[in-house]
Amino acid sequence: MIFHLQPVTGQDIIMSSLKNASVVEQSCYNLQLPYGFKKLNARDTTVQCKMESLPLAFEKFELMEREGQLTNAKTILTDYVTDSSFCRLEFQTQCYFNLRLIQIQLQLNLLKNAKLVLSNLASDINSQNTNLSTANKLLELKLRTILNFKETKDDSCILVYERELNKFEPVSFSDVDEYLNCEYKLSSFFKEINEKEKALINLQRIQKRFQNYLDSNPTQDYHFHCAIASAYQDLMNYDSAKFHFENAEHKCISFFGINSLEYIQILRYQARLYRELGENNSSEMLLNKAIEIAQISKLRNTVEYNMLLLNLSSLYNSYGKRADAETLAIQAKLNFENHAMTAGSEYIQCLELIANIQYNEKRWDESELLLLKSNALRQQLYGISHYSLAENLSRL
C-alpha cells in the first residue's frame, strides 16, 4: 500500500520537535518512541518564535525522562503545567504536555494522579468547545487504555483499543508517528496477555501498510526493527530476530551514531538474544563493548547503562563468577540510587539480582533484606494483586 502524507504544517513541527526523546522499555515495545522529525528550519519564523518561548523546564523534563530519572521528570513537568506561563501556550500544546504528564504518572503507577489529570483535561476540552488534534486523540486513547488495563486487568480494554485505533486514518506526519506508537503499544498489550503470535502479526501488518513511511523515517524504522525483532524472539524465531536486530543496528549507526543511547541499547538487545541462544561469549563481548561506549560517551547516568551492568552481572552470576557479578550489580544499584532512578522496575531487578548472588553465596540474611525491599517496591509499582509478588514471596 502506497501511503501519501500531507506536507508538514507548523503545528506538526512544533509538536514533533517536542517529542524527540523517551525512555525505552526493555521489551522493545514502549509507551513512546523517539520521533524522527527534522529540527526547526530557520525560515519557519512563526514556529521558531513559539519554540523559543518554551521554557528550559521542558528541556530538562525530556532529558530526565530519557535518562530514566522519572520521579524528577514528573516533578519538573508537574511544576511547569501549574505555572502561569503555561496558560499562554497554544491549547493543543497544553493538551500534549498534560498527556505527557499522564504518561509518566502511568509509568510510575500513579493511577489516581493520572486519572485526575485525564479528567481535568476532558473538562478543559469541553470548556474550550473544541476537539483534540488527531495526534493528541491517539495519545489520549493509548493512555486511557493503559490506565483502564492497569486498573482492571480486563482483556476487553485491549479489544476496544484495537477497534478505536482502526477508525483512525492518520494524515500528517505527527498523526502517523503517534499512530505507529499506538500500534506498537497494541502489540505490547498482546504480548502482555500472552498472545505473542498476534503481536507479531500486528507488527507485520504495520510494516506492510507503512513501509514507505518507515523507509523515509530512519528513527521510526529503527524502532520498528527493534519491536519486530523482539516479537520474533518471543516466538523463538531466532533467525528472523537476528535479521531485524542487525537491520536496526545498521539504521542506528547511520542515523544516531555509535556514541548514542540507541546504539548501546541495540547492543544490549543483541546480547540478550545471543545469551538466549547459548552463545554466551558473543553476549559478553557485546555487553562489554556497550559498557565501554557508554562510559566514553558520558552515558553512565542512564537507566540503559545500569541495565548493561546488570545484564553482564547476570551473565557472570550464571558462570559462577559471583564476585565480579556482585561488583557490577552493586555499581548499578549505586547509580540508580544516586541519580533518582529507583521508581522503575529496573531498580527492582537490580535488588533481586544482588539478592540472588548473595543467596548463592549462602548470605541468607542479606539476601532476605533485599527481597523484602524489592517486594515492597513491587507492591508499590504494580499493586498488591500482581502475580510477581507471589513469586517474590516464594523466594523468602
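Residues numbered from 1 in each chain as written. Predicted model: local features only at pLDDT ≥ 70, side-chain atom pairs only at ≥ 80, totals over all residues. Heavy atoms only, no water.

As for the overall build of the protein
For the protein, the helix and strand inventory stands at 19 helices and zero strands. A buried classification covers 53% of the 396 residues belonging to the protein. Residue pairs in contact within the protein that sit at least 24 positions apart in sequence constitute 66% of those at least 6 positions apart. If you sum the accessible surface of the protein, you get close to 18,200 Å²; carbon and sulfur atoms cover 50% of it. (Helix = DSSP H or I, 4+ residues; strand = E, 2+ residues; numbered from the N terminus. Buried < 20%, exposed > 50% of the residue type's maximum accessible area, 1.4 Å probe, protein only. Contact = heavy atoms within 4.5 Å. Areas by Shrake-Rupley, 256 points an atom, 1.4 Å probe, with all protein chains shown as cover.)

Description of the pattern of salt bridges
Scanning the entire structure with this criterion turns up 18 salt bridges. The closest approach of N and O atoms between Glu 304 and Arg 268, which form a salt bridge, is 2.4 Å. You can see Glu 304 sitting in helix α15 (residues 303–319) and its partner Arg 268 sitting in helix α13 (residues 261–276), a full 36 residues away along the chain. For the pair shown, Glu 304 and Arg 268 are each scored as buried. Measuring nitrogen to oxygen at the nearest pair gives 2.8 Å for the salt bridge that ties Arg 378 to Glu 352. In this pair, Arg 378 sits in helix α18 (residues 364–382) while Glu 352 sits in helix α17 (residues 345–360), placing the two residues 26 residues apart along the sequence. (Salt bridge = Lys/Arg side-chain N within 4 Å of Asp/Glu carboxyl O.)

What to know about the confidence of the model for the protein
For the protein, per-residue confidence averages 85 on the pLDDT scale, and 83% of positions sit at 70 or higher. Looking at the elements of the protein, mean pLDDT is at its lowest for helix α2 (residues 45–52), recorded as 36, and at its highest for helix α14 (residues 280–296), recorded as 98. In the predicted structure, residues 1–11 sits below a pLDDT of 50 and forms 22 contacts with residues beyond four places in sequence or in another chain. (pLDDT = per-residue confidence, 0-100.)

So, the side chain of Ser 283
If you trace the backbone, Ser 283 turns up in helix α14. Look past the residues within four positions of Ser 283 in its chain and what remains in contact with it is Ala 271, Tyr 274, Arg 275 and Leu 315.

Overview of α14
Between its terminal C-alpha atoms α14 stretches 24 Å, which fits the 24 Å expected from 17 residues at 1.5 Å a residue. Of the positions making up α14, those classed as buried are Ser 283, Glu 284, Leu 286, Leu 287, Ala 290, Ile 291, Ile 293 and Ala 294. Contacts from the buried residues of α14 go to α13 and α15. Of the residues one or two after α14, Lys 298 is the one with positive phi, at around 60°. (Expected span 1.5 Å × (residues − 1).)

What to know about the packing of helix α4 (residues 70–81) against helix α5 (residues 91–107)
Relative to each other, α4 and α5 sit at 150°, their axes nearing to 10 Å. In terms of orientation, α4 lies roughly antiparallel with respect to α5. The handedness of the crossing between α4 and α5 is left-handed. Residue-level inspection shows Leu 70, Ala 73, Lys 74, Leu 77, Thr 78, Tyr 80 and Val 81 of α4 in contact with α5, the latter providing Phe 97, Asn 98, Arg 100, Leu 101, Ile 104, Gln 105 and Gln 107. Of the residues assigned to the contact of α4 with α5, the class counts are eight nonpolar, four polar and two charged. (Axes fitted to C-alpha atoms, helices over the stretch in contact; angles between N-to-C directions. Parallel < 35°, antiparallel > 145°, perpendicular 65-115°, else oblique. Left-handed = near helix turned anticlockwise from the far one by under 90°. Nonpolar A, V, L, I, M, F, W, Y, C, P; charged D, E, K, R; others polar.)

A closer look at the environment of Phe 256
Tracing the sequence through the fold places Phe 256 in the loop between α12 (238–255) and α13. Note: C-alpha distance between Phe 256 and Thr 219 (37 residues apart in sequence) is 8.4 Å. Every residue in contact with Phe 256, bar those within four places of it in the chain, is listed here: Thr 219, Tyr 222, Lys 251 and Glu 262.

Observations regarding unusual backbone geometry
For residues besides glycine, phi is generally negative; the peptide bonds are generally trans as well. Even without a glycine there, the phi angle at Asn 129 is positive, about 55°. Within the secondary structure, Asn 129 sits in the loop between α6 (111–128) and α7 (134–152). Its identity is not glycine, yet Lys 362 carries a phi of approximately 65°, on the positive side. Within the element layout of this structure, Lys 362 appears in the loop between α17 and α18.

Here we look at the packing of aromatic side chains
Summed over the entire model, instances satisfying the criterion amount to 15 aromatic pairs. A centroid spacing of 5.7 Å and a plane angle of 50° characterise the contact between Tyr 179 and Phe 210, whose relative ring orientation is tilted. Residue Tyr 179 is found in helix α9 (residues 173–192), and its partner Phe 210 is found in helix α10 (residues 196–216); the two are separated by 31 residues along the sequence. Overall, the relative accessible area of 1% leaves Phe 210 in the buried class. Members of the aromatic cluster, joined through ring pairs, are Phe 58, Phe 61, Tyr 80, Phe 86, Tyr 96 and Phe 97. The residue whose ring lies beneath Lys 185 is Phe 189, and the NZ or CZ to ring-centre distance is 4.9 Å. The positively charged end of Lys 321 is found above the aromatic ring belonging to Tyr 316, 4.2 Å away from the centroid. (Phe/Tyr/Trp six-rings, centres within 6.5 Å; stacked < 30°, edge-to-face > 60°. Lys NZ or Arg CZ within 6 Å of the ring centre and 35° of its normal.)

Details of the packing of α5 against α7
At a minimum axis distance of 10 Å, the contact between α5 and α7 shows a crossing angle of 25°. Between α5 and α7, the interaxial angle falls into the category roughly parallel. The chirality of how α5 crosses α7 is left-handed. Contact residues: Gln 92, Cys 95, Tyr 96, Leu 99, Ile 102, Gln 103 and Leu 106 in α5; Asn 136, Leu 139, Glu 140, Lys 142, Leu 143, Ile 146, Leu 147 and Lys 150 in α7. For the contact of α5 with α7, the per-class residue count stands at nine nonpolar, three polar and three charged.

A look at the side chain of Glu 346
Looking at the element boundaries, Glu 346 is found in helix α17. Once you skip the residues sitting within four places of it in the chain, Glu 346 turns out to touch Val 303, Met 307, Leu 310 and Phe 336.

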